[in-house]
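Chain by chain, the residues run as shown.
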Amino acid sequence: MTLNPLEPETSGTDLADWPLHRLAPLIRARTLSASALVGACIDRIARTDGRLHAFIDLWAADAMAAAARADTEIAAGRYLGPLHGVPLALKDLVEVQGRRTTVGSAFWRERVSDCTATVATRLEAAGAILLGKLHMVEFAFGGWGTNPRLGAPMNPWDLVHHRSPGGSSSGSGVAVAAGMVVASIGSDTGGSVRIPASMNGVVGLKPTAASVSTHGVFPLSQILDSIGPLARSVEDAALVFQAIRGPDLRDAATSLAPMGDALSGLKRPIGGLRLGRVQAAQLPGVDPEVAQAVAAAVEVLRGLGAVVDDIALPRPPIDYCRGASHIIRTEGYANLRHVIHSDSDDFGPAVRARVLAGQGGSATDYAATLIERREDTTAMGAVLAGFDAILLPTTVMAAPRLDRIDEDHMPLSDLTRFVNYLGLCALALPCGVTSEGMPVSVQIVGKAFTEDLLLRIGWAYEQATTWHQRLPDLRSLTS
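Residues numbered from 1 in each chain as written. Predicted model: local features only at pLDDT ≥ 70, side-chain atom pairs only at ≥ 80, totals over all residues. Heavy atoms only, no water.

We now examine the layout of surface pockets. Approximately 470 Å³ is the volume found for the largest pocket. Lining the largest pocket are 27 residues, with Phe141, Ser325, Met410, Ser413 and Arg417 sitting closest to its centre. Put simply, the parts of the chain that give the lining of the largest pocket at least two residues each are helix H9 (321–336) and helix H10 (349–356). With 4 residues, H9 is the largest single contributor of residues to the lining of the largest pocket. (1 Å grid on protein atoms, 1.4 Å probe; cavity = no way out; pocket = protein on both sides within 12 Å on 5 of 7 lines; lining within 4 Å. Points joined across faces, edges and corners; volume = space filled by probe spheres on them. Helix = DSSP H or I, 4+ residues; strand = E, 2+ residues; numbered from the N terminus.)

See the structure below:
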């Protein structure tokens, strides 16, 4: 395993591989046109997506027209900000009026949205160019990234074996890693932004559930769902998060969301921050190569001046999965009960079984889980009170081959689901590679509404490392 690459696999000339925070100033200065950037991403999609299968719908002509309008606006002095003219894409559960939204299900392959999600509206208001919709696990209900009816995207770090792209925002992770888009939007109910970020070697921010509106996003669990960006760097994730965060009258849960500024304090030093390292005894099943890479990341943060101490959580992260799973199953069934009993063969059998499992519980059982969740949240709050954030692996393993997974067992969410269940926020970012060349990710977890602090810690880490600069070798697809 490599812990400090001397020659990171970084981009040199292809615009499709550049990070948002480098592209935005060029577009603002009109050194680079939005049309050229969008064209470069469309070209990358044309060359690679036949194999990688990240997009379910590509709006190429409309995107090029929007890019031309952005160039005109910028030339006229109407620059909207760092997302202006930048191509992004949406997980296919984000509604866009008049566009197809399948929620990853072949059963809904012809479903057309009658509204537009707040997150899409805010991105467009910031000047972003929406390139299309991205594949996902059916109904967002799975962590491996599989979809037997509409197809699983291919992890771009291994073009020989079909490895897990992570789920459920599978296409969102693959599209960013492969340079098809500058950033993407995913949803996270138990890890579905962070797991694809981990599997594909990109950055993923899971905000506090109430930080970003879920209006117009098809729900799996109204209590646990959150919307967040996947990007090539922490600064890129901060730029997208800043555009989509904040209260929305169409989503009452966001009424408590603070209108913070993810950028103003992003580059402040982290010296003196107190970070808790989750002890190995509470992290069963973590692959040794993953543990080694995360331990090295912890030492980098210590070297940057953070005070790192071991922390004992009230319960191991995996112990919270039972309560989280009960909520997800129950609410998932409630949201899909009008379609899931159809005798159609369009549903994937594993996801259908997960959804149907939610009809078996009683109202009393569900209420008891919510009561236990409140108690668990209080207990975790007491432990976290003395820390600014905690550190642990994002996933217990790097991306496995899909021909070796068990759909009835999803260990990829063992270390992520507790964050949703307890109302926390988290940032996943690359911190190493395995001996097979697959990315490894460290997870920085914070108290509710501390996204800006997590981004600050992640930005500091990136300045001392080069893992986020690595790119998959796609030459066999693009030549």
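Past the structure itself, the notes keep going.
The next point concerns empty space enclosed by the protein. On inspection of all chains with the given rule, the structure shows 4 cavities of 30 Å³ or more. Space inside the largest cavity adds up to approximately 60 Å³. What lines the largest cavity is Trp157, Val176, Ala177, Asn200, Gly201, Val202, Arg232, His468, Arg470, Leu471 and Pro472. Tallied by class, residues from the lining of the largest cavity come to 6 nonpolar, 3 polar and 2 charged. (Nonpolar A, V, L, I, M, F, W, Y, C, P; charged D, E, K, R; others polar.)

Below, the discussion takes up the packing of aromatic side chains. One pass over the structure, following the stated rule, counts 6 aromatic pairs. Consider the rings of Phe107 and Phe347, whose centres lie 4.8 Å apart with planes at 25°: the pair is stacked. Pair noted here: Phe107 is in the loop between strand E2 (87–91) and helix H4 (118–125) and Phe347 is in the loop between H9 and H10, with a separation of 240 residues, a long-range link. Relative accessible area serves as the criterion here: at 28%, Phe107 is assigned to the partly exposed category. Ring plane angle 70° and centroid distance 5.3 Å describe the contact between Trp108 and Phe218, whose orientation is recorded as edge-to-face. Remark: Phe218 occurs in the loop between strand E5 (203–206) and strand E6 (226–231) and Trp108 occurs in the loop between E2 and H4; sequence separation between them is 110 residues. One exposure class covers both Trp108 and Phe218, and it is buried. Clustering of aromatic rings is evident, with ring pairs tying together Phe107, Trp108, Phe139, Phe218 and Phe347. Taking the ring centre of Trp18 as reference, the NZ or CZ of Arg22 above it sits at 4.1 Å. The cationic tip of Arg99 hangs over the ring face of Trp59; the distance from NZ or CZ to the ring centre is 4.1 Å. (Phe/Tyr/Trp six-rings, centres within 6.5 Å; stacked < 30°, edge-to-face > 60°. Buried < 20%, exposed > 50% of the residue type's maximum accessible area, 1.4 Å probe, protein only. Lys NZ or Arg CZ within 6 Å of the ring centre and 35° of its normal.)

Moving on: the sheet that holds E5. Taken in spatial order, the 11 strands of this open sheet run E1-E3-E2-E4-E6-E5-E10-E11-E9-E7-E8, and their pairing is mixed. Looking along the sheet, the strands with just one partner apiece sit at the ends: strand E1 (55–58) and strand E8 (307–311). Averaged over all adjacent pairs, the angle separating strand axes in this sheet is 30°, with direction ignored. Of the pairings in the sheet, the one linking E1 to strand E3 (residues 129–134) comprises 3 bridges and is antiparallel in character. When the sheet's bridge partners are listed, Phe55 is paired in E3 with Leu134. (Pairing = 2+ DSSP bridges. Axes fitted to C-alpha atoms, helices over the stretch in contact; angles between N-to-C directions.)

The amide bond that connects Gly167 to the next residue, Ser168, takes the cis arrangement and shows omega of 10°. By secondary structure assignment, the location of Ser168 is in the loop between E3 and helix H5 (170–177). Of note, His53 is a non-glycine position whose phi angle comes to about 60°, a positive value. Along the polypeptide, His53 turns up in the loop between helix H2 (34–52) and E1. For Phe449, which is not glycine, the phi torsion reads 65° and is therefore positive. Inspection of the secondary structure puts Phe449 in the loop between strand E11 (439–446) and helix H13 (451–463).

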